[in-house]
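# Survey of secondary and tertiary structure
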Amino acid sequence: MTAKISYADVEVGTELPAQTFPVTRATLVQYAGASGDFNPIHWNEKFAKEVGLPDVIAHGMFTMAEAIRVVTDWAGDPGAVVEYGVRFTKPVVVPNDDQGAVIEVAGKVAAKLDDNTVRVDLTATSAGQKVLGMSRAVVRLA
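Procedures and definitions
Residues numbered from 1 in each chain as written. Predicted model: local features only at pLDDT ≥ 70, side-chain atom pairs only at ≥ 80, totals over all residues. Heavy atoms only, no water. Core = buried A, V, L, I, M, F, W, Y, C linked by side-chain atoms within 4.5 Å. Buried < 20%, exposed > 50% of the residue type's maximum accessible area, 1.4 Å probe, protein only. Helix = DSSP H or I, 4+ residues; strand = E, 2+ residues; numbered from the N terminus. Contact = heavy atoms within 4.5 Å.

### Structural notes on the nonpolar core
Ranked by internal contacts, the top residues of the largest apolar core, which has 34 residues, are W74, V118, V120 and V139. With 8 residues, helix 3 (residues 60-75) is the single largest residue contributor to this core. Not counting the four nearest positions on each side in its chain, V139 is found in contact with V71, A75, A80, V81, V82, N116, T117, V118 and V120.

### Some thoughts on unusual backbone geometry
What you tend to see is this: most non-glycine residues have negative phi, and most peptide bonds are trans. At N116, a residue that is not glycine, the phi angle is positive and equals roughly 60°. Looking at the secondary structure, you find N116 in the loop between strand 3 (101-112) and strand 4 (117-126). Overall, the relative accessible area of 34% leaves N116 in the partly exposed class. A positive phi angle, close to 50°, is found at M134, a residue other than glycine.

Structure follows, in structure tokens:
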């Protein structure tokens, strides 16, 4: 696969389609099974509160993975992402109710680089708080 977006068609400031990602306790259990990360802060409310958290929190790597979907969906090829990094700033708190939490992600082309690559800056929030900082991806376009 190759990216479906052409480098020539992208300008600094181009906005990627924003997306929202629901997160429930069931989502966290599924992710724990797939990742092997069974830390009780991600599924045991009593334990999470005992260690000072407000409630169960989503895995940081899960949050990071959901955020990059905005880029991979836009580019049309997950392999187009050549670099990706974030700083974890706040946890995604996932209450034990029918709603869970929502991660809201927006992205914007911040720079056009060499070799048909662009830097995309992402903003990820949950419950009105920024949950990822310095969230940036370098993407090779067509």
